[in-house]
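# Architecture and fold: a report
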Amino acid sequence: MKRLVLPSALWLWLVTLLMIGQNAYAYNLPDFTELVEEAAPGVVNISTSRTVQRSSGPSMGGFGGQEIPEIFRHFFGDSFPTPPGSGGQGRSEERQSLGSGFVISDDGYIMTNAHVVQDADEILVRLNDRRELSAELIGSDAQTDVALLKIDASELPVLNLGNSDDLKVGEWVAAIGSPFGFDHSVTAGIISAINRTLPRDAYVPFIQTDVAINPGNSGGPLFNLDGEVVGINSQIFTRSGGFMGLSFAIPINVAMDVADQLREEGRVDRGWLGVMIQPVSQDLAESFGMENASGALIADLDPEGPAAQGGLRAGDVITGVNGEEVDRSSTLPRLIGRVAPGSDVELTLMRDGEEVTETVALGHWPDSETASQGDESNNQVRLGISVAELDDAMRERLNIEGGVEVRQMEPDSVAAQAGLHVGDVLVSVDHRSVSSPDELLDIVEQLPSDRAIPVRVYREGRSLFLALRLE
């Protein structure tokens, strides 16, 4: 076999091309140094503390008999039982939480996650210049996991906000936060997907990234290459408790809409249609005379809700809202939730094999009228339901002393999987009586996630038990 001998000039030319290619590749990689220098002063560390009363009996959530640190609760939950004999009856203790946030106005307004400051007795904000200031909770919205804080300060460094609607899959992004308390840590990656719907988070079209996010990053900003905030880092999917390549951020457009309402009203109002929906399978699509398996199938309606009053029926498939496509059932709550209560929406439906249009005046989402100043007791996040206290007439008719009525339930939620229905009256959970939304919230926060829990409900005048298993 003969060896190919190239002239030295040709070798030099090939080597030069190779070096140019390597340099071009290197130059195409993003440089975040300037972004970090400009943006870091506007990122803050948030620490909270709250005093809780340990209930009698075994405590839920401990490492060697100690309460699981609050920094891990958003990822682990209360899933580790206290060993026998460790006590824990009737004691009060202080829980602490760490998170991140960022400045959105120079007069002291700060954005973070609702779960970072949930139930906090004290909120402390540490600025980039090492100042530590107490913060006031202006309001929070558990549905979107957004909270707005206010500190007594002026001339603060403000981050530039971008347009999350312009994001594209594959573009570079970076996060700055305080993972495990390490202030102003920087991580980077790309956008893996947009408009992700997560279980029990029907109102947020999440940005999915591969940016390394860990406990303590929650509430911190996600930046594009222009140094603009395009999201709030909120959640990760993990089996280990740490980062595994899947992180999710709340789009800044969604977050700012919530923050503006919290600043002006102290609460968030979102539209309510009053329907229970389910996905459309291929078989269901065929049975309804549809070409594609898309849209949101109305499985049931609140008889007093806006949809029923507007002429919608069980069996209708909602395929559009105000001209925007409902490609899957999870899209509908997001489109309805961002419309102001009292507004008319034009719904495109498939009914009896034909496309029809109905106009419906939206109502107030039942939870939105009662949520303010961080009080989310009526929003049962772990179950995915909204409940309300019973009136005296209902209690008398059912011959019960307590109980709460299920007013709303998110599709594919834990409650839905257990078989709960809108309209059910929940009277006990894990053999503990329930008489108010706040009491239910306290009970649910202490439930384990490693076994089935008995739930007793009244449905159509009959009492029955259901098995509930938390994720």
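Residues numbered from 1 in each chain as written. Predicted model: local features only at pLDDT ≥ 70, side-chain atom pairs only at ≥ 80, totals over all residues. Heavy atoms only, no water.

The next point concerns the layout of surface pockets. Taken as a whole, the second largest pocket encloses approximately 540 Å³ of empty space. Around the second largest pocket sit 25 residues that line it, and Asp165, Pro205, Val254, Arg334 and Arg338 are the ones nearest its centre. Of all elements in the fold, only β10 (185-198), β11 (201-209), α5 (252-265) and α8 (331-337) reach the threshold of two or more residues within the lining of the second largest pocket. The leading source of residues in the lining of the second largest pocket is α5, at 5 residues. Residues belonging to the lining of the second largest pocket are distributed by class as follows: 12 nonpolar, 6 polar and 7 charged. Per-domain counts for the lining of the second largest pocket show at least three residues from each of domain 1 (171-255) and domain 2 (271-364). (1 Å grid on protein atoms, 1.4 Å probe; cavity = no way out; pocket = protein on both sides within 12 Å on 5 of 7 lines; lining within 4 Å. Points joined across faces, edges and corners; volume = space filled by probe spheres on them. Helix = DSSP H or I, 4+ residues; strand = E, 2+ residues; numbered from the N terminus. Nonpolar A, V, L, I, M, F, W, Y, C, P; charged D, E, K, R; others polar. Domains from an automatic or database assignment.)

Okay, the nonpolar core next. Membership of the largest hydrophobic core comes to 29 residues, with the highest contact counts inside it found for Phe102, Met111 and Phe223. If you list the elements that add at least two residues to this core, you get α2 (33-39), β5 (109-112), β8 (146-151), β9 (172-177), β11, β13 (229-236), β14 (247-251) and α5. Element by element, the count of residues in this core is highest for α5, at 6 residues. Val387, Leu440, Ile453 and Leu468 belong to the second largest nonpolar core, which has 23 residues in total. (Core = buried A, V, L, I, M, F, W, Y, C linked by side-chain atoms within 4.5 Å. Buried < 20%, exposed > 50% of the residue type's maximum accessible area, 1.4 Å probe, protein only.)

Here strand β24 (residues 385-389) lies mainly inside the structure; 4 of its 5 residues are buried. Here β24 pairs with strand β25 (residues 404-409) via 5 bridges, running antiparallel. Following the sheet pairing, Ser386 is matched in β25 by Gln408. (Pairing = 2+ DSSP bridges.)

On the surface, Leu29, Trp172 and Leu225 cluster together into a nonpolar patch covering about 270 Å² of accessible area. Topologically, Trp172 is positioned in strand β9. (Patch = residues over 30% accessible without salt bridge, like charges linked within 9 Å, V, L, I, M, F, W, Y side chains within 5 Å. Areas by Shrake-Rupley, 256 points an atom, 1.4 Å probe, with all protein chains shown as cover. Salt bridge = Lys/Arg side-chain N within 4 Å of Asp/Glu carboxyl O.)

Taken as a whole, this structure holds 12 salt bridges when the rule is applied. In this structure, Arg351 and Asp316 form a salt bridge, with 2.7 Å as the shortest nitrogen-oxygen distance. Of this pair, Arg351 sits in strand β20 (residues 344-351) while Asp316 sits in the loop between α7 (306-309) and β18 (317-321), placing them 35 residues apart in sequence. The exposure class of Arg351 is buried, given its relative accessible area of 12%. Look at Asp316 and you get buried, because its relative accessible area is 2%. For the salt bridge of Asp424 with Arg459, the shortest nitrogen-to-oxygen distance reads 2.7 Å. One end of the pair, Asp424, is in the loop between α10 (414-418) and β26 (425-429); the other, Arg459, is in strand β28 (residues 453-459), and 35 residues separate them in sequence. Here Asp424 and Arg459 have matching classes, each one buried.

Once that is clear, we can look at the pairing of strand β6 (residues 122-126). Pairing between β6 and strand β7 (residues 132-141): 3 bridges, direction antiparallel. Of the residues in β7, the one forming a bridge with Leu124 is Ser134. In this structure, the hairpin formed by β6 and β7 is closed by a connection of 5 residues, where Arg130 is found at a positive phi of approximately 80°.

Attention shifts here to the UniProt feature "active site" (unreviewed entry) in the chain. Per the UniProt record, "active site" (unreviewed entry) is annotated on His115, Asp145 and Ser218. Spanning 104 residues, the annotated positions come together in the fold, the maximum distance between their C-alpha atoms being 10.1 Å. In this fold, His115 is placed in helix α4 (residues 114-117). (UniProt positions renumbered as here; feature names shortened; annotations may be inferred.)

A word on the packing of aromatic side chains. One pass over the structure, following the stated rule, counts 3 aromatic pairs. Measuring from centroid to centroid gives 6.3 Å for Phe206 and Phe248, while their planes differ by 80°, and the two rings are edge-to-face. Of this pair, Phe206 sits in strand β11 while Phe248 sits in strand β14, and the two are 42 residues apart along the sequence. Residues Phe206 and Phe248 agree in their burial class; the two are buried. Over the face of the ring belonging to Tyr109 we find Lys150, whose NZ or CZ atom lies 5.5 Å from the ring centre. The side chain of Arg263 reaches across the aromatic face of Tyr109, ending 4.2 Å from its centre. (Phe/Tyr/Trp six-rings, centres within 6.5 Å; stacked < 30°, edge-to-face > 60°. Lys NZ or Arg CZ within 6 Å of the ring centre and 35° of its normal.)

Helix length check: α5, at 14 residues, gives a terminal C-alpha distance of 19 Å against a target of 20 Å (1.5 Å per residue), a fit within 8%. Listing the buried residues of α5 in full gives Ile252, Ala255, Met256, Val258, Ala259, Gln261 and Leu262. Downstream of α5 by a residue or two, Gly266 has a phi angle that is positive, lying close to 80°. (Expected span 1.5 Å × (residues − 1).)

The subject of this paragraph is unusual backbone geometry. The phi dihedral of Asp145 is positive, around 65°, even though this residue is not glycine. With respect to the secondary-structure elements, Asp145 resides in the loop between β7 and β8. One non-glycine residue with positive phi stands out, namely Asp352, at about 55°. Positionally, Asp352 belongs in the loop between β20 and β21 (354-361).

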